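Structural overview for review
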Amino acid sequence: MELRQLEAFVVVSELKSFSKAAEYLYLSQSTISSHIKNLENELKKSLITRTTKSLQLTSEGEIFLRYAKRILETKDAAIDALNSPVETILHLGASTIPSAYLLPSLLHQFHKLHTYVYFDIKQGDSHEILERILDGTVELGFIGKEDDSGRCINIPFCTDDLVLVTPATPYYLSLSKKPFILKEFLKEPMIIREQGSGTKKASDLFLEEENIPLNELNIIAQINDLESIKQMIVNGMGISILSRFSISNLEKRGQVLTYPLQSTIQRNFYISYLKTKGLSPILQEFVDFALSFDFTQE
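Structure report, in brief. As the structure is a computational prediction, the values presented were derived from the model and not from experiment. (Residues numbered from 1 in each chain as written. Predicted model: local features only at pLDDT ≥ 70, side-chain atom pairs only at ≥ 80, totals over all residues. Heavy atoms only, no water.)

Let us now look at the overall build of the protein chain. Looking only at helices and strands, the protein chain has 12 helices and 12 strands in total. Seen through its principal axes, the protein chain has C-alpha atoms that stretch 70 × 50 × 35 Å. By residue count, 46% of the 298 residues in the protein chain fall in the buried class. A fraction of 73% describes how many contacts in the protein chain between residues 6 or more apart in sequence connect residues 24 or more apart. By element, 52% of the accessible surface of the protein chain is carried by carbon and sulfur atoms, the whole surface being about 15,500 Å². Each charge sign in the protein chain was given a centre, from 31 positive and 38 negative side chains, and these centres are 5 Å apart. (Helix = DSSP H or I, 4+ residues; strand = E, 2+ residues; numbered from the N terminus. Buried < 20%, exposed > 50% of the residue type's maximum accessible area, 1.4 Å probe, protein only. Contact = heavy atoms within 4.5 Å. Areas by Shrake-Rupley, 256 points an atom, 1.4 Å probe, with all protein chains shown as cover. Lys, Arg positive; Asp, Glu negative; His and termini not counted. Charge placed at Lys NZ, Arg CZ, Asp CG, Glu CD.)

See the structure below:
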């Protein structure tokens, strides 16, 4: 298996065209076809279904595409590390909440002190970022759950609260005037995060603590995009259990109602990195800066 074969496969998959991929990579169409054919022969799997009018990935192709992209990203990161001073590029990964609500202010303040630093950031759910840490695609991850493989250092750097979030519609405003009874609210239509999300894991632990089985909830949607969940709530579709950081802007504007959830489960965010790799001096300085940063003031 060669990198040029992987590159051809990724570009064909993204452009949905052999001819456009050939033009993009400055290769002939026959060379692109040969790269894909040789890759399929080596894998003993069909990756692409071709017709005269369309091009689609097979189920095996969809699976392989994810890993092919990661291999090429690792190659690019290695080239960056060799061609640039190692202390100037920080390869970071961040799950949904840290990426959207914690890192922007942290990176801004750190960059003001170290203007020579360049941030290369990958975003995904906590499970995906952990995979990237383990395969070396990123050096440092900001995630919503600990690594349970034993291969990473996990440092808590910020705590958050889980809150029950409802629309601010007349119906829910009327409910807000009554005593809050969790089990009654959980009969309402509920939207939940995807598996792999740290918020989903914390929410499941909370419900387990309250002896509320998932199959008793009125779940109407499970979505991997936090912003979509927030907009669904604003538009009155249902309720959810979310991070207070993620919902604070809507709460301040009066677009949603929130209820704190009393729980012994603490929602932590972690800085994670490989035990075997350690930290460069600039990464260690960045970690120390993050640990002293006051996220509640942002």
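Here the focus is the sheet that holds strand S5 (residues 140-143). One open sheet holds the 5 strands; their spatial order is S4-S3-S5-S12-S6, and the pairing between them is mixed. Pairing within the sheet leaves two strands with one partner each, and these edge strands are strand S4 (118-123) and strand S6 (152-160). The average undirected angle you get between the axes of adjacent strands in this sheet is 25°. In the sheet, S6 pairs with strand S12 (residues 267-274) via 8 bridges, with the strands oriented antiparallel. Opposite Ile153, over in S12, you have Tyr273 as the bridge partner. (Pairing = 2+ DSSP bridges. Axes fitted to C-alpha atoms, helices over the stretch in contact; angles between N-to-C directions.)

Okay, helix H2 (residues 18-25) next. Those residues of H2 that fall on the buried side of the exposure criterion are Phe18, Ala21, Ala22 and Leu25. The arc enclosing the buried residues of H2, seen along the axis, measures out at 100°, which places them on a common side. Away from the buried face of H2 by more than 90 degrees, exposed residues Glu23 and Tyr24 are located. (Arc of directions from axis to C-beta.)

Here the focus is the sheet that holds strand S7 (residues 162-167). Pairing is antiparallel across the open sheet formed by 3 strands, whose spatial order is S10-S7-S11. Of all the strands in the sheet, just strand S10 (240-243) and strand S11 (256-260) have a single pairing partner and so form its edges. When the angles between neighbouring strand axes are averaged without regard to direction, this sheet yields 40°. Bridge analysis of S7 against S10 gives 4 bridges, and the strand direction is antiparallel. Of the residues in S10, the one forming a bridge with Val163 is Leu242. Relative to the sheet, helix H9 (residues 198-209) contacts S7 and S10, its axis offset from that of S10 by approximately 125°.

Here the focus is the pairing of S5. Alternating positions in S5 separate into two faces, Leu140 and Phe142 on one and Gly141 and Ile143 on the other, with burial throughout. The sheet contact formed by strand S3 (residues 89-94) and S5 spans 3 bridges and is parallel. Along S5, the bridge assignment pairs Ala94 with Phe142. Bridge count for S5 against S12 is 3 bridges, and the pairing is antiparallel.

It is worth spelling out the pattern of salt bridges at this point. When their charged atoms lie close together, side chains carrying opposite charge are able to pair. Within the structure shown, the criterion is met by 14 salt bridges. The partner of Lys187 in a salt bridge is Glu184, and the shortest N-O contact between them spans 3.2 Å. Look at Lys187 and you get exposed, because its relative accessible area is 54%. The exposure class assigned to Glu184 is partly exposed, which follows from its relative accessible area of 43%. One network of salt bridges, with partners in common, ties together Arg66, Arg70, Glu131 and Asp135. (Salt bridge = Lys/Arg side-chain N within 4 Å of Asp/Glu carboxyl O.)

Bringing the environment of Gly144 into the picture now. Structurally, Gly144 is set in the loop between S5 and S6. The class for Gly144 is buried, based on a relative accessible area of 9%. Excluding residues that lie within four positions of it along the chain, Gly144 makes contacts with Ser95, Ser126, Gly198, Arg267, Asn268, Phe269 and Tyr270.

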